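What the coordinates show
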Amino acid sequence: MPTPTLHTTRLRLRPFDDADANDLFALHSSAYVLRYWDAPPWSERVRAERFITACRQMAEGGTGARPAVDRVSDGAFIGWCSLNRWNPDYRSASLGYCFDDAAWGHGYATEAAHVLLRWAFDTLDLNRVQAETDTRNEASARVLEKLGFVREGTLREDCIVNGEVSDSWVYGLIRREWRPSAEPVIAR
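Okay, so let's go over this structure. Note that the coordinates shown come from a computational prediction; the quantities given were computed from them, not determined experimentally.

**Details of the pairing of strand β3 (residues 68-71)**
Residues A68 and D70 point to one face of β3 and V69 and R71 to the other, with burial holding for every one of them. Pairing of strand β2 (residues 11-14) with β3, which is carried by four bridges, proceeds in the antiparallel orientation. Its bridge partner being in β3, R14 is matched across the sheet by A68.

Here it is in structure tokens:
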């Protein structure tokens, strides 16, 4: 499953390349950005290189797609969005995303996830997409709900975030409940 290049009016989703390592490291080394993440911020740039390699392996292995997200207006890398744990037998996958705090509050996460979901439902013929978020991450919960995800339950004490035991909400989006926007998606 090659990682797609997708466009919206404001964003371009594309495969990661080696030149993204510095921006990716800056994103994942921010304790503020990762305050609800289930892994500590990165302290070594080599982690970014390994992440990019893992993105390529995921695509080559057919288990998912994790495109980088750039803002069209200035070409700036602002984060990434992913579909992983793709299971063609069950026609399901999991959605994830991470955006730089300077990009928060502009609807970019919702926009990027929406275009990736459209690709997933149309191209991969998915029936279900699942997502999880820390129960304290209200902004991420809002993104999922704007996309049409339904909160299906709570995973109690399922991870440790910054040394603190944390709960996660599980969300699901079923194909028949998916509401694609009218904005055309250009895939290359």
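**Some remarks on unusual backbone geometry**
With a phi close to 55°, R85 is a non-glycine residue in the positive phi region. Secondary-structure assignment places R85 in strand β4 (residues 77-87). On the basis of relative accessibility, which here comes to 57%, the residue R85 falls in the exposed class. The residue R91 is not glycine, and still its phi comes out positive at about 55°. Among the structural elements, R91 can be located in the loop between β4 and β5 (92-99).

**Some points on the environment of F99**
Here F99 shows up in strand β5. Separated by 35 residues in sequence, F99 and G64 have C-alpha atoms that sit 19 Å apart. Setting aside its immediate chain neighbours within four residues, F99 contacts L27, V33, V69, I78, G79, W80, W104, Y108, A109 and A112.

Conventions we followed
Residues numbered from 1 in each chain as written. Predicted model: local features only at pLDDT ≥ 70, side-chain atom pairs only at ≥ 80, totals over all residues. Heavy atoms only, no water. Buried < 20%, exposed > 50% of the residue type's maximum accessible area, 1.4 Å probe, protein only. Helix = DSSP H or I, 4+ residues; strand = E, 2+ residues; numbered from the N terminus. Pairing = 2+ DSSP bridges. Contact = heavy atoms within 4.5 Å.

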